[in-house]
Amino acid sequence: MAAAAPISPEELKELQEAFEKIDLDRNGFISSSELTTLFKASNLGLPGYRIRELVQELTKTSNQLTFDEFTQIVDGLKSGDVAKTFRKAINKKEGICSVAGTSEQSGTQHSYSEEENVAFVNWINKALENDPDCAHLLPMDPSSNDLFSAMRDGIVLCKMINLSVPDTIDERTINRKKLTAFTVQENLNLALNSASAIGCHVVNIGAEDLKEGRPHLVLGLLWQVIKIGLFADIELSRNEALVALLRDGESLEDLMKLSPEELLLRWVNHHLEAAGCSKINNFSSDIKDSKAHYNLLNQVAPKGDEGGAPPISIDMSGIKETDDLKRAENMLKQADQLGCKQFVTPTDVVRGNHKLNLAFVANLFNKYPALKKPENQDIDWSSIEGETREERTFRNWMNSLGVAPRVNHLYIDLDDALVIFQLYEKINVLVNWQNVNTPPYSQLGMKMKKLENCNYAVQLGKNEAKFSLVGIAGQDLHAGNPTLTLALLWQLMRRYTVNILEELGDGQKVIDDTIVSWVNRTLAEAGKATISSFKDSSISSSMPVLDLIDAIQPGSIRYDLVKPEGEKLDNAKYAISMARKIGARVYALPEDLVEVKPKMVMTVFACLMARAMKRV
């Protein structure tokens, strides 16, 4: 990029605020996907291929940019009309509030969105309005800082996690009455570790951040939790009617490659096409006039011809309103008829707030998908399979580490190995990014480039990580061979867990026997029964896990809540939640204990060992 005059202190301050707005994951970096969104939202007048080329050039050595790299980009753009438009877009301050406190990464002042505050407060008020455990906090005032205060005892956050992914937290483990500093800390541990277990990136968020009600962190975490819940059913294996969105010439695999957001956009355009309307390309600039929302509402509103639901008539006269804000007000009145007014105000629509309009449309999809599963089509329905527990665990673990792009479909999203390379870096295996092909790939060379990446990923595993990858080739990763892909992922996850233990133990080598020995020593010292291995049948009752938790934190387990032998799953749910409550970041699921899955059992005991070692 061409050199330009140095950025002034005033411009630097504006860029600091802009960086915080773009850094949606709050991890101190801007990912290539976030940068692409920024360029598109800036209305630069650049064609899509030029934006992709520019982003590729900016991120050619890494998939992330630091604040310093970001300022260099803007500095290089300062010399023309494009730069003015770009800077105008990132420097807009509507709805942005400054917050006391600075970022450890860049020393920047944090900011947060008033619109998000209002939207999330209204959503939570509605979702938890009848929950007696939240009566002391709800309803919150959306025009105040109530939301940030309400996060401090952890109860609302635990409830929202269970709303997004039911049964994640055993509610018997939530402290509700006579809260003290200690029991509040337990609630926050439970909430943060459970959020991580469902795939939220919480690496830079701690209990103290929630206690202090730091707005940018509270909103960032809540958005992740809410989004996971909104997107849960925008998935082919959970909603086969989505096959109706197949286009001519597409295969089922093509559709399965789409992320939930891409599927949602496809769904909107499916209904807009049926209405004879222009399609949209995004949930920001293309929806500002409310017309896409208006026509979508009209298409999905119940017609009263099936299921016994009464018809709901959408009054389309308001679409003729010439004022954008008034038209948006009219549109939301119609959305309210469907009970789908949540997340956006007229101003949010007119400003093209991507995040909130995305949530608005996702909520509408969940209530009124208006799709029919195709019949008499040559479709291999057996290929649409829901993910296994093991696959879900690995996917959530990867997402909790902040990999980019987010993993939505385990095998499809690993077919170019870019996420695998990020995981290697997490376990301290050096990746030479000059050997890695990064998107966009040309259509002609796409398969070859992805396969080269997968071959390099296997090579790193064998030569650098010293993994056991006998019989595994790059083609297996690229093709999404379940057994062989999971074999690599398990070794990555195990190494990540062991590395934490070795760091806490001053580099002492850790193997399975090391963990078993520690578990048995800790149990024996507390006068409790020991285990023979991670395959011990007694683990199916969850008693060894519950006893170990009680040994680590005496008196934490309420044995009166432990149920008879025949109710193993309830005991396992209690054990997993209690492990998270005392501070262990456990990714395994209750069923893993009941079925005594040795690999997952190992991670539970290893995480508890790490928790105990941190205390010393």
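Residues numbered from 1 in each chain as written. Predicted model: local features only at pLDDT ≥ 70, side-chain atom pairs only at ≥ 80, totals over all residues. Heavy atoms only, no water.

What follows concerns the overall build of the protein. A count of helical and extended segments in the protein gives 27 helices and four strands. When burial is assessed residue by residue, the protein has 53% of its 616 residues classed as buried. Taking contacts inside the protein between residues at least 6 apart in sequence as the whole, the part at least 24 apart equals 62%. Accessible surface for the protein amounts to roughly 27800 Å². Of this, 48% is attributable to carbon and sulfur atoms. (Helix = DSSP H or I, 4+ residues; strand = E, 2+ residues; numbered from the N terminus. Buried < 20%, exposed > 50% of the residue type's maximum accessible area, 1.4 Å probe, protein only. Contact = heavy atoms within 4.5 Å. Areas by Shrake-Rupley, 256 points an atom, 1.4 Å probe, with all protein chains shown as cover.)

Okay, the packing of aromatic side chains next. As enumerated under the stated definition, the model contains eight aromatic pairs in all. Between Phe 421 and Tyr 456, the aromatic rings sit 5.4 Å apart at their centres with planes inclined by 45°, giving tilted as the arrangement. Here Phe 421, found in helix H19 (residues 418-426), pairs with Tyr 456, found in helix H20 (residues 446-463); they are 35 residues apart in sequence, far enough to count as distant. Judged by relative accessible area, which is 0%, Phe 421 ranks as buried. With relative accessibility at 9%, the residue Tyr 456 sits in the buried group. Here a set of aromatic residues connected by ring pairs shows up, and it is made of Phe 421, Trp 433 and Tyr 456. (Phe/Tyr/Trp six-rings, centres within 6.5 Å; stacked < 30°, edge-to-face > 60°.)

So, on to helix H6 (residues 114-127). Along its 14 residues, H6 runs 20 Å from first to last C-alpha, staying within 8% of the 20 Å computed at 1.5 Å per residue. Listed as buried for H6 are Glu 115, Glu 116, Asn 117, Ala 119, Phe 120, Val 121, Trp 123, Ile 124 and Asn 125. (Expected span 1.5 Å × (residues − 1).)

For Asn 269, the location among the structural elements is in helix H13 (residues 260-274). Its relative accessible area of 6% is what places Asn 269 among the buried residues. Sequence separation between Asn 269 and Leu 245 is 24 residues; the distance between their C-alpha atoms is 9.3 Å. Within the structure, the side chain of Asn 269 is placed 2.8 Å from the backbone nitrogen of Ile 280, a separation counted as a polar contact. (Polar contact = N/O pair within 3.5 Å; in protein donor to acceptor, adjacent residues only side chain to side chain.)

Once that is clear, we can look at the layout of surface pockets. For the second largest pocket, the calculated volume is near 510 Å³. Along the walls of the second largest pocket sit 26 residues, with Asn 193, Tyr 496, Ile 500, Arg 585 and Lys 614 positioned nearest its centre. No other element matches the six residues that helix H22 (residues 482-504) contributes to the lining of the second largest pocket. Residue composition of the lining of the second largest pocket, by class: 16 nonpolar, six polar and four charged. (1 Å grid on protein atoms, 1.4 Å probe; cavity = no way out; pocket = protein on both sides within 12 Å on 5 of 7 lines; lining within 4 Å. Points joined across faces, edges and corners; volume = space filled by probe spheres on them. Nonpolar A, V, L, I, M, F, W, Y, C, P; charged D, E, K, R; others polar.)

The subject of this paragraph is the nonpolar core. In terms of nonpolar packing, the biggest core is built from 91 residues, with Phe 120, Ile 124, Leu 147, Leu 221, Leu 264, Trp 267 and Leu 364 touching the most fellow members. Here this core takes eleven residues from helix H11 (residues 215-231), the largest share from any one element. Non-local contacts of Leu 364, meaning those with residues more than four positions away in its chain, are made with Trp 267, Leu 296, Leu 297, Val 300, Leu 338, Cys 340 and Pro 369. Residues Leu 418, Val 419, Leu 488 and Met 600 belong to the second largest nonpolar core, which totals 81 residues. (Core = buried A, V, L, I, M, F, W, Y, C linked by side-chain atoms within 4.5 Å.)

So, about the confidence of the model for the protein. Mean pLDDT over the protein: 87, with 80% of residues reaching 70 or higher. Under a pLDDT of 50 for its full length, residues 41-45 has, in the predicted model, ten contacts with residues more than four places off or in other chains. (pLDDT = per-residue confidence, 0-100.)

Viewed as axis vectors pointing N to C, helix H14 (residues 291-300) and helix H15 (residues 324-337) meet at an angle of 20°, and their least axial separation amounts to 10 Å. The pairing of H14 with H15 is recorded here as roughly parallel in orientation. Here H14 runs over H15; the crossing is left-handed. Counted together, Lys 291, His 293, Tyr 294 and Leu 297 of H14 and Arg 327, Asn 330, Met 331, Gln 334 and Ala 335 of H15 form the full contact between these two elements. Counted by class, the contact of H14 with H15 contains four nonpolar, three polar and two charged residues. (Axes fitted to C-alpha atoms, helices over the stretch in contact; angles between N-to-C directions. Parallel < 35°, antiparallel > 145°, perpendicular 65-115°, else oblique. Left-handed = near helix turned anticlockwise from the far one by under 90°.)

All right, on to the packing of H19 against H20 then. Packing of H19 against H20 brings their axes to within 9 Å, and their N-to-C directions diverge by 25°. Relative to H20, H19 is oriented roughly parallel. The element H19 and its partner H20 pack so that their crossing is left-handed. Residue-level contacts link Leu 418, Ile 420, Phe 421 and Tyr 424 of H19 to Asn 453, Tyr 456, Ala 457, Leu 460 and Gly 461 of H20. Looking at side-chain class alone, the contact of H19 with H20 contains seven nonpolar, two polar and no charged residues.

Next up on the list: the pattern of salt bridges. Across all of its chains, the model carries 29 salt bridges by this definition. Two residues, Lys 159 and Asp 133, come together in a salt bridge whose shortest N-O distance is 2.8 Å. One end of the pair, Lys 159, is in helix H8 (residues 155-164); the other, Asp 133, is in the loop between H6 and helix H7 (146-150), with 26 residues separating them in the sequence. Salt bridges linked by common partners bring Asp 131, Asp 133, Lys 159, Glu 171 and Arg 176 together as one network. (Salt bridge = Lys/Arg side-chain N within 4 Å of Asp/Glu carboxyl O.)

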